[in-house]
Amino acid sequence: MYALKPSRPQPQPVRPLRVAPKANSRQKQRQAYRAIVFETSAKLAVNVVVSVAATAALIQLLPYRSSQEVRLQELQAAVQSTSDRVERVQSSFNYYFDPSQTREIMQEQSNRIDPHRRQIIWKQPGTPQAEVPINH
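In this text the structure is predicted, and so the values were computed from the model without any measurement.

About the thresholds
Residues numbered from 1 in each chain as written. Predicted model: local features only at pLDDT ≥ 70, side-chain atom pairs only at ≥ 80, totals over all residues. Heavy atoms only, no water. Helix = DSSP H or I, 4+ residues; strand = E, 2+ residues; numbered from the N terminus. Buried < 20%, exposed > 50% of the residue type's maximum accessible area, 1.4 Å probe, protein only. Areas by Shrake-Rupley, 256 points an atom, 1.4 Å probe, with all protein chains shown as cover. Salt bridge = Lys/Arg side-chain N within 4 Å of Asp/Glu carboxyl O. Patch = residues over 30% accessible without salt bridge, like charges linked within 9 Å, V, L, I, M, F, W, Y side chains within 5 Å. Phe/Tyr/Trp six-rings, centres within 6.5 Å; stacked < 30°, edge-to-face > 60°.

This part covers the overall build of the chain. Within the chain, the regular secondary structure consists of 2 helices and 0 strands. Burial status across the chain gives 1% buried among its 136 residues. Carbon and sulfur atoms make up 59% of the accessible area of the chain, which totals about 14,600 Å².

In structure tokens, the structure reads:
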């Protein structure tokens, strides 16, 4: 029986649309702008504080940097003098421990002369020399 009846759409109750009062809308916009202004001001204040702290830290580090530069120059001068000294000692070591220099070093350290060398005696010019006959 119900199958034969045409179906009708049931009427929906009409709801009245709510209209927000304009004053409430403006107040919400003002609150949103205030929140944005507050957030921006807070960010700006934090950045200014951080910048001031960083600048103060840099100002305190400048004298320390200059004193470190002075110490570095002193250390470089000490390193240079030490390297010069090491070079002199190294060359002296190489001279004294060179096997080819052994005879010269022995002669220098003692007053002995190599037996295979001929001794040269210098005389004043004009002094008469007695000739020594050579015996064969």
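The subject of this paragraph is the pattern of salt bridges. Summed over all chains, the structure comprises 2 salt bridges. Between glutamate 39 and lysine 43 there is a salt bridge whose closest N-O contact spans 3.4 Å. With glutamate 39 and lysine 43 both in helix α1 (residues 22-96) and 4 residues apart, this pair spans about one turn of that helix. Glutamate 69 is paired through a salt bridge with arginine 65; the nearest N and O atoms lie 3.2 Å apart. Pair noted here: glutamate 69 and arginine 65 are both in helix α1, with a separation of 4 residues, about one helical turn.

Attention now goes to a nonpolar patch on the surface. Judged by side-chain polarity, Leu44, Val48 and Val52 come together as a nonpolar surface patch covering roughly 280 Å² of accessible area. You can see valine 48 is positioned in helix α1. Using a relative accessible area of 46% as the deciding quantity, one classes valine 48 as partly exposed.

Overall, the coordinates contain 2 aromatic pairs when judged by the stated rule. A ring pair is formed by phenylalanine 93 and phenylalanine 97, whose centres lie 4.6 Å apart and whose planes are at 35°; its orientation type is tilted. When its relative accessible area of 44% is taken as the criterion, phenylalanine 93 is described as partly exposed. Look at tyrosine 95 and tyrosine 96: their rings are 5.2 Å apart centre to centre, the planes differ by 70°, and that puts the pair in the edge-to-face class. The exposure class of tyrosine 96 is partly exposed, given its relative accessible area of 40%.

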